[in-house]
Amino acid sequence: MTTKKEAQRVGKPVVLIAEELSPATLEALGPDFEVRNCDGANRDELLAALAKGVDAVLIRSATKMDAEAIGAAKGLKVIARAGVGLDNVDIPAATTAGVMVVNAPTSNIVSAAELAISLLLASARFISPAHAALRNGKWARSKYTGAELFEKTLGIVGFGRIGQLVAHRMQAFGMNIVAYDPYLQPARAAQLGVSLVTLDELLAQSDFITIHLPKTKETANLIGVDALKKVKPAVRIINAARGGVLDEAALYDAIVEGRVAGAGLDVFSTEPCTDSPLFTLDQVVATPHLGASTDEAQERAGIAVAVSVRKALSGELVPDAVNVKGGAVDEEIRPSLPLVEKMAQIATALAGELPVSMDVHVRGDISVHDSSILAVSALKGALVATGAEEVTYVNAPGLAAERGVTSSVDTSAESPEYRSMISLHCALSNGKAITVNGTLMGIRKVEKIIAIDGFDLDLPPTDNMLFLRYADRPGVVGAVGNILGQSKINIAGMQVARNSAGGEALMALTVDSSVGADIAAKVAKESGAELVRSVTLVY
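Now for a look at the structure at hand.

What counts and how
- Residues numbered from 1 in each chain as written.
- Predicted model: local features only at pLDDT ≥ 70, side-chain atom pairs only at ≥ 80, totals over all residues.
- Heavy atoms only, no water.
- Helix = DSSP H or I, 4+ residues; strand = E, 2+ residues; numbered from the N terminus.
- Rg over C-alpha atoms; globule rule 2.2 N^0.38 Å.
- Buried < 20%, exposed > 50% of the residue type's maximum accessible area, 1.4 Å probe, protein only.
- Contact = heavy atoms within 4.5 Å.
- Lys, Arg positive; Asp, Glu negative; His and termini not counted.
- Charge placed at Lys NZ, Arg CZ, Asp CG, Glu CD.
- Salt bridge = Lys/Arg side-chain N within 4 Å of Asp/Glu carboxyl O.
- Expected span 1.5 Å × (residues − 1).
- Pairing = 2+ DSSP bridges.
- Axes fitted to C-alpha atoms, helices over the stretch in contact; angles between N-to-C directions.
- Arc of directions from axis to C-beta.
- Patch = residues over 30% accessible without salt bridge, like charges linked within 9 Å, V, L, I, M, F, W, Y side chains within 5 Å.
- Areas by Shrake-Rupley, 256 points an atom, 1.4 Å probe, with all protein chains shown as cover.
- Parallel < 35°, antiparallel > 145°, perpendicular 65-115°, else oblique.
- Left-handed = near helix turned anticlockwise from the far one by under 90°.
- Polar contact = N/O pair within 3.5 Å; in protein donor to acceptor, adjacent residues only side chain to side chain.
- Phe/Tyr/Trp six-rings, centres within 6.5 Å; stacked < 30°, edge-to-face > 60°.

**A few points about the overall build of the protein**
(1) Moving on: Looking only at helices and strands, the protein features 17 helices and 22 strands.
(2) Moving on: Taken over the C-alpha trace, the protein has a radius of gyration of 26 Å; the compact-globule value for 539 residues is 24 Å, and the two agree within 12%.
(3) Moving on: In terms of overall dimensions, the protein has C-alpha extents of about 80 × 75 × 45 Å along its principal axes.
(4) Moving on: A buried classification covers 50% of the 539 residues belonging to the protein.
(5) Moving on: If you take every contact in the protein between residues at least 6 apart in sequence, the share linking residues at least 24 apart comes to 62%.
(6) Moving on: Each charge class in the protein was averaged separately, 50 positive and 61 negative side chains, and the resulting centres sit 2 Å apart.

Printed below as a string of structure tokens:
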């Protein structure tokens, strides 16, 4: 006998809306779903609603979808976050449970750009302290003499979508724009009337600096003590991107000592933040992480995730899937998506730059299937390797186009050594190239890197790897092993390939922890290797 609950589950898919969303979100969902509501901030109510059986849950920031909530959700297929941040979603737990996580990565880019500009203007004209003084009955007109933007230089640190929106708008103010972005092609910047410069050049030239970078281990405190010694005393610094990219303690000291004129802040290293010393300074205007807090951004986010839910529950390729590359991809091609991503991450790390073009060559048995999606896999992997945030299969092509990167796929039934293999050829801006070959082995489709630039390997791509290219000679293996051992880094596997005795050699190591820049530099010095690259894969 079919129970009432089972009857419900074989009817319309159930979508649980756990927070208030715009009416446009419901319209975008359409009539094909049973919509339920609950207060996601009420833990007991949320768990009870999930336990009744739902196919998708739509949330914003107040609902915590952790391992407990995911475990309680019967039949859950999709968690949709109507916004960008996913701090309230346990992505590894969702992945383990086979639950797709989607968000709306481009929903707030206009709002974020506009807030950065608002902070810039407010900082330049002391809007916040002047307003506060007036409310306290003080006509402090002479105290708050500001600065014009006209004919001043704006330095944009991180020239992705938001940075480019800021540049376009501030050019209308008559500002000269310079940008620092090591992964952007100069031609793309030139198209936008912007000069690409080094970070030191940007710090020295800029009258205003605005930050638009994700926080990674490479960008943490990027604008810190040393950087703030290189700026003009009249500079004003804006951070509406990610807390921790700008060293707040160093900024406070620089303002108090007169080495920085002011700042506009929307994000902080620890949030919520209500007691920063920066808040005591008239030179600082601050807001509580309002970058996405507009009606328009919230509506765009709701519509975007509603569309993603519809696609996910109908079996299509989901635009903004964060953890699952599912959808209408051939079952024979699907396992190759993560392999190509990892190959692209390795190639990009070895290159030390974002490739100009990426050509995916599909060979052997799998060549009869539609493999065009692998071009996006390559772009996604390369972008992730450069520190780009929240890259998905829908936004990777656009992000790559902004950086002047192209990709393509071609196929051939011929594969002399393997039933199927994939070769990724990456052209670099200096005219050189890097080629990484991979395959999936056996019934379990185990990922293997089988060659790099013609050096044959049998390498499973792991979380942490180290690569060396050097002139083949005795003692290099021992030197590398000794340095890693002294650094408490365990070697899981090591392979050495060479083109001839005494010729060029490639060493590939899988290790149990990441190899820092200082250790890599020591390896290069002791081994005499011409190239040493540490690779940490991002999934």
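**Focus on the pattern of salt bridges**
(1) Moving on: Applying the stated criterion across every chain, the model contains 19 salt bridges.
(2) Moving on: We note a salt bridge from Lys77 to Asp55, for which the minimum N-O separation is 2.5 Å. One end of the pair, Lys77, is in the loop between α4 (67–72) and β4 (78–81); the other, Asp55, is in the loop between α3 (43–51) and β3 (56–59), and 22 residues separate them in sequence.
(3) Moving on: Given a relative accessible area of 41%, Lys77 falls into the partly exposed group.
(4) Moving on: In the salt-bridge network here, residues are joined through shared partners; they are Arg43, Asp66 and Glu68.

**Quick word on helix α12 (residues 295–313)**
(1) Moving on: Taking 1.5 Å per residue as the helical rise, α12 with its 19 residues ought to reach 27 Å, and the 27 Å between its terminal C-alpha atoms agrees with that figure.
(2) Moving on: Of the surrounding secondary structure, the elements contacted by the buried residues of α12 are β1 (14–17), α2 (23–29), β3, β4, β5 (100–102) and α6 (109–124).

**Concerning the sheet that holds strand β10 (residues 236–239)**
(1) Moving on: Spatially, the seven strands line up as an open sheet ordered β8-β7-β6-β9-β10-β11-β12, and their pairing is parallel. One side of each edge strand has no neighbouring strand; the edge strands of this open sheet are β8 (195–196) and β12 (284–286).
(2) Moving on: In this structure, strand β11 (residues 262–265) lies alongside β12, joined through three bridges in parallel fashion. Bridging from a neighbouring strand, Gly264 pairs with Val285 of β12.
(3) Moving on: Sheet strands touched by α6: β6 (153–157), β9 (208–211), β10, β11 and β12. Its angle to β10, the strand with the most contacts, is close to 155 degrees.

**Quick look at helix α17 (residues 517–527)**
(1) Moving on: Listed as buried for α17 are Ile519, Ala520, Val523 and Ser527. An end-on view of α17 places all buried positions within 100 degrees of arc, on one side of the element. Seen from the buried face of α17, the exposed residues on the opposite side, beyond 90 degrees, are Ala517, Asp518 and Lys525.
(2) Moving on: At its buried positions, α17 is contacted by β19 (464–471), α16 (476–486) and β22 (531–536).

**A word on the sheet that holds β19**
(1) Moving on: Here four strands make up an open sheet; going across it, the order is β20-β21-β19-β22 and the pairing antiparallel. Two strands in the sheet have a free side with no partner beyond their single neighbour: β20 (491–498) and β22. Pairwise comparison of adjacent strand axes, ignoring direction, gives a mean angle of 15 degrees for this sheet.
(2) Moving on: Inspection of the sheet shows β19 paired to β22 by six bridges, in the antiparallel sense. Each bridged residue has a counterpart across the sheet, and for Leu468 the counterpart in β22 is Val532.
(3) Moving on: Sheet contacts for helix α13 (residues 336–351): β19 and β22; angle to β22, the most-contacted strand, approximately 145 degrees.
(4) Moving on: Each of β19, β20 and β21 (504–511) touches α16; the most contacted strand, β21, lies at about 25 degrees to it.

**Quick word on the pairing of strand β16 (residues 433–441)**
(1) Moving on: The pairing of strand β15 (residues 420–427) with β16 spans six bridges and is classified as antiparallel. For Ala427, the partnering residue across the bridge sits in β16 and is Ala433.
(2) Moving on: Between the antiparallel neighbours β15 and β16 lie five residues, among them Gly431 with a positive phi of about 90 degrees.
(3) Moving on: Sheet topology note: the β16/strand β17 (residues 446–452) ladder contains six bridges and is antiparallel. Paired with Leu440 across the two strands is Glu447, which belongs to β17.
(4) Moving on: Counted between consecutive antiparallel strands, the loop separating β16 from β17 contains four residues, among which Gly442 sits at a positive phi close to 75 degrees.

**Some thoughts on a nonpolar patch on the surface**
(1) Moving on: Taken together, the side chains of Val477, Met494 and Val496 present a nonpolar region at the surface, about 210 Å² in accessible area.
(2) Moving on: Here Val496 is to be found in strand β20.

**Focus: the packing of α6 against helix α8 (residues 161–171)**
(1) Moving on: Contact geometry for α6 and α8: axes closest at 9 Å, N-to-C directions at 50 degrees. Here α6 is positioned oblique relative to α8, judged by the angle of their axes. Note on packing geometry: the crossing formed by α6 with α8 is right-handed. Note on element contacts: α8 touches α6 through Arg161, Ile162, Leu165, Val166, Arg169 and Met170, opposite Ile109, Val110, Ala112, Ala113, Ala116, Ile117 and Leu120.

**Comments concerning the environment of Ser372**
(1) Moving on: When you line up the elements, Ser372 lands in the loop between β13 (357–364) and α14 (373–385).
(2) Moving on: The partly exposed category is assigned to Ser372, whose relative accessible area is 45%.
(3) Moving on: Residues Ser372 and Val362, spaced 10 residues apart in sequence, show a C-alpha to C-alpha distance of 9.7 Å.
(4) Moving on: Side-chain polar atoms of Ser372 contact the side chain of Asp370, separated by 2.9 Å.

**A look at the environment of Thr25**
(1) Moving on: Tracing the backbone through its elements, the reader meets Thr25 in helix α2.
(2) Moving on: Placed 474 residues apart in sequence, Thr25 and Asn499 show a C-alpha to C-alpha distance of 59 Å.
(3) Moving on: The residues touching Thr25, leaving out its near neighbours within four places in the chain, are Leu58, Gly302, Ile303 and Ala306.

**Considerations on the packing of aromatic side chains**
(1) Moving on: In total, this model carries two aromatic pairs according to the counting rule given.
(2) Moving on: Relative to Tyr144, the ring of Phe126 has its centre 5.8 Å away and its plane inclined at 40 degrees; by these criteria the two rings are tilted. Taken together, the residues span a long stretch of sequence, with Phe126 in the loop between α6 and α7 (127–135) and Tyr144 in the loop between α7 and β6 at a distance of 18 residues.
(3) Moving on: Between Phe268 and Phe279, the ring centres sit 5.5 Å apart and the planes meet at 90 degrees, which makes this aromatic pair edge-to-face. A residue pair is termed long-range when its members are at least 10 positions apart, and Phe268 in the loop between β11 and β12 and Phe279 in the loop between β11 and β12 qualify at 11 residues.

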